[in-house]
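So you can see what is in the structure, the chains are spelled out below.
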Amino acid sequence: MAAGYLDILRTRHATRLLVGTLVGRLPSGTAHIAIVLFTRAEGGSYTLAGALAAVYGLSTAVGQPLLGRAVDLYGQPRVQLPASVLSALGMALLALAGLGSLPLAYAAVIVAGVCTPPLEGGLRALWPTVLGREDRVHRAYAMDAVAQEVMFTVGPLLVTVLVSLWSPAAALLVINAIGVLGALSVVVSEPSRTWRSAPREAHWLGALRSPGLLALLGSFFFVGLALGSITVAGVAYADDHGRESVYGWLMAALGLGALIGGVAYGAWQWAGAPERRLRAIVALLALGYLPLMLTPGVVPMTVLAALAGVFLAPAIACSFIVVDRHAPRGTVTEAFSWLVTTFGVGAAAGTALAGPAVELGGTAQAFAVAGAGGVVALLVLLATGRVLAVPGRTPVAVRVSENDRNGAVEPGFSSGHQA
């Protein structure tokens, strides 16, 4: 199992790109907790903290596909690094100006969110030219999904350490400075500097003109909704049991399950259409969320949380493959960025729905939101099966990928090319 991952990490540029992207994404992965801690330290209410965090999230959702399209048009260095710097400056403005002027504070988080660089989509566009073979790229997608789980676990811990050592304002400044360094490490690498998107058809919809991509985005909105609702339901469950640490155990178990599932998924050689495989994985994901409504004791609930997380990373990794197959020519970074945006908006919607569910029906009803989200995600994939069965581009008959002039990628697989 480990040999396949080591093979990828030993490939030239691969480790640097993976680590640089994860470091570059630290600001976005930790922004919500950093904003909340900063707001509370400045004397702001939880309502204000939540509002600032929500505005940041919505701004990121708006900026990701726009910047992704810019990357496809103008290349990675011209977009990723300036965006990273501007995003960091937005957070620096919030940290240094404080909450004395609320319009200024909101403007700062809007700039930070809109300018968040689309490093996720950029990395996935680079994998084919770095790794070559389709099976290695698919394994890299799984490794990418696993690495995200690690980042979302380690990132908040790093923020809390920085807050305890210095202050929430210092945490904002340090995390964003580190993020700029991560983005810089990526964009000065040879694959990033030389990558160019395939020629694209001029169309105002860009990647969204693909029916298959729209079907996938519709499904993953509800996967995000399920995950977002679990975060709120987990807090309510911890309150029911009188211990804040219970929430940490549930989230850690969920992350551990995703970690195990992602590693196992990437180590396996899969045959058949990824669209069919994605339906099966999402069905298992939904099945894993439903038992959470039982809300048993802490130990069995922790076990259920771990089981619920097992199919999350495989679902995300498989979705990357489907995105690549359905993204219109020349829109791959934008398409991946739309997936990030849709997932994030779904998570925000899940958080919003789970709160009233707790107040009206209790903790079990909040977990029911997660189960319903998983079921609807599956229903969307089933309802759009015919659309997803026709990839946007599968040049099986040609010897080279449409996006790789050097023929580095196996026939039938494409994402980007080097100039």
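Note that the structure is a prediction, hence the values are computed from the model and not measured.

This part covers the overall build of the protein chain. Helix and strand content of the protein chain: 18 helices and two strands. Taking 419 residues into account, the globule formula puts the C-alpha radius of gyration at 22 Å, and the protein chain, at 21 Å, falls close to it. Each of the three principal axes of the protein chain carries a C-alpha extent, and together these read 60 × 45 × 40 Å. In the protein chain, which comprises 419 residues, the share counted as buried stands at 54%. Intrachain contacts of the protein chain at a sequence separation of at least 6 include 81% that bridge at least 24 residues. Summed over its atoms, the accessible surface of the protein chain is roughly 16800 Å², and 70% of this surface lies on carbon and sulfur atoms.

Moving on, we get to the confidence of the model for the protein chain. On average, the protein chain scores 84 in pLDDT, and the residues at 70 or more come to 90%. When the criterion is pLDDT under 50, residues 394-419 qualifies, and its contacts beyond four places in sequence or with other chains add up to 67 contacts.

Before going further, it helps to spend a moment on the packing of aromatic side chains. The full count for this structure, using the stated rule, is five aromatic pairs. Considering the side-chain rings of Tyr141 and Phe320, the 5.6 Å spacing of their centres and the 75 degrees angle between planes classify their relative orientation as edge-to-face. Of the two residues, Tyr141 is situated in helix α8 (residues 134-165) and Phe320 in helix α15 (residues 312-326); the sequence distance between them amounts to 179 residues. Residue Tyr141 is classed as buried on the basis of its relative accessible area of 0%. Classification of Phe320 as buried rests on a relative accessible area of 1%. Each ring, one from Phe320 and one from Phe336, has its centre 6.1 Å from the other, and the planes form 80 degrees; the classification is edge-to-face. Of this pair, Phe320 sits in helix α15 while Phe336 sits in helix α16 (residues 332-361), placing them 16 residues apart in sequence. When its relative accessible area of 0% is taken as the criterion, Phe336 is described as buried.

The backbone of His13 shows a phi angle near 80 degrees, a positive value even though the residue is not glycine. For His13, the location among the structural elements is in the loop between α1 (2-10) and α2 (14-24). We note that Thr295 has phi near 40 degrees; this positive angle belongs to a residue other than glycine. In this fold, Thr295 is placed in the loop between α13 (274-289) and α14 (298-309).

Their axes nearest at 6 Å, the elements helix α12 (residues 245-267) and α14 cross at an angle of 35 degrees. In this structure, α12 meets α14 at a crossing whose hand is right-handed. Seen from α12, the contacting residues are Val246, Trp249, Leu250, Ala253, Leu254, Gly257 and Ala258; seen from α14, they are Val298, Met301, Thr302, Ala305, Ala306, Ala308 and Gly309.

Right, let's talk about the environment of Val282 for a bit. Within the fold, Val282 resides in helix α13. By relative accessible area, Val282 is classed as buried at 1%. For Val282 and Gly374, which are 92 residues apart along the polypeptide, the C-alpha to C-alpha distance reads 7.2 Å. Here Val282 is in contact with Gly374, Ala377, Leu378 and Leu381, once residues within four sequence places are set aside.

With that out of the way, let us pick up the environment of Val109. Looking at the element boundaries, Val109 is found in helix α6 (residues 102-114). Taking the C-alpha atoms as reference points, Val109 and Leu307, 198 residues apart in sequence, are found 36 Å from one another. Once residues within four sequence positions are removed from consideration, Val109 is found in contact with Ile35, Leu52, Val55, Tyr56, Ser59 and Leu94.

Here we come to the pattern of salt bridges. Tallied over the entire structure, the rule returns seven salt bridges. Here Arg25 and Glu120 are joined by a salt bridge, their closest N and O atoms 3.4 Å apart. Here the residue Arg25 occupies a position in the loop between α2 and α3 (26-41), and Glu120 occupies one in helix α7 (residues 119-131), the gap between them amounting to 95 residues. Across the salt bridge formed by Glu120 and Arg124, the nearest N and O atoms sit 3.1 Å from each other. Taken as a pair, Glu120 and Arg124 lie in helix α7 at a separation of four residues, close to a single helical turn. Residue Glu120 is classed as buried on the basis of its relative accessible area of 12%.

It is worth spelling out a nonpolar patch on the surface at this point. On the surface, a cluster of nonpolar side chains totalling about 570 Å² of accessible area is made up of Leu284, Leu287, Leu290, Met293, Val375, Leu379 and Leu382. Counting residues per element, the ones that place at least two in the nonpolar patch are α13 and α17 (363-383). Of the residues forming the nonpolar patch, the biggest block, three residues, is contributed by α17. With respect to the secondary-structure elements, Leu284 resides in helix α13. Exposure remark for Leu284: the relative accessible area of 38% places this residue in the partly exposed category.

Quick look at the packing of α16 against α17 now. Where α16 meets α17, the axes come as close as 6 Å, and the angle between the chain directions of the two elements is 145 degrees. Crossing angle aside, the handedness with which α16 passes α17 is right-handed. Residues Leu353, Ala354, Ala357, Val358 and Gly361 of α16 pack against Thr363, Gln365, Ala366 and Val369 of α17.

Here the focus is the nonpolar core. Among the nonpolar cores identified, the biggest contains 105 residues, and Leu94, Trp127, Phe220 and Tyr289 are the most heavily contacted of them. Per-element tally for this core: the top contributor is helix α11 (residues 211-240), with twelve residues. Setting aside chain neighbours within four positions, we find Phe220 in contact with Leu278, Ala315, Ile316, Ser319, Leu339, Thr342 and Phe343.

Quick look at the side chain of Gln80 now. Its place among the elements puts Gln80 in helix α5 (residues 77-97). Overall, the relative accessible area of 1% leaves Gln80 in the buried class. With residues near it in sequence (within four places) discarded, Gln80 still touches Val71, Pro117, Pro118, Leu119, Gly122 and Val187.

Calculation notes
Residues numbered from 1 in each chain as written. Predicted model: local features only at pLDDT ≥ 70, side-chain atom pairs only at ≥ 80, totals over all residues. Heavy atoms only, no water. Helix = DSSP H or I, 4+ residues; strand = E, 2+ residues; numbered from the N terminus. Rg over C-alpha atoms; globule rule 2.2 N^0.38 Å. Buried < 20%, exposed > 50% of the residue type's maximum accessible area, 1.4 Å probe, protein only. Contact = heavy atoms within 4.5 Å. Areas by Shrake-Rupley, 256 points an atom, 1.4 Å probe, with all protein chains shown as cover. pLDDT = per-residue confidence, 0-100. Phe/Tyr/Trp six-rings, centres within 6.5 Å; stacked < 30°, edge-to-face > 60°. Axes fitted to C-alpha atoms, helices over the stretch in contact; angles between N-to-C directions. Left-handed = near helix turned anticlockwise from the far one by under 90°. Salt bridge = Lys/Arg side-chain N within 4 Å of Asp/Glu carboxyl O. Patch = residues over 30% accessible without salt bridge, like charges linked within 9 Å, V, L, I, M, F, W, Y side chains within 5 Å. Core = buried A, V, L, I, M, F, W, Y, C linked by side-chain atoms within 4.5 Å.

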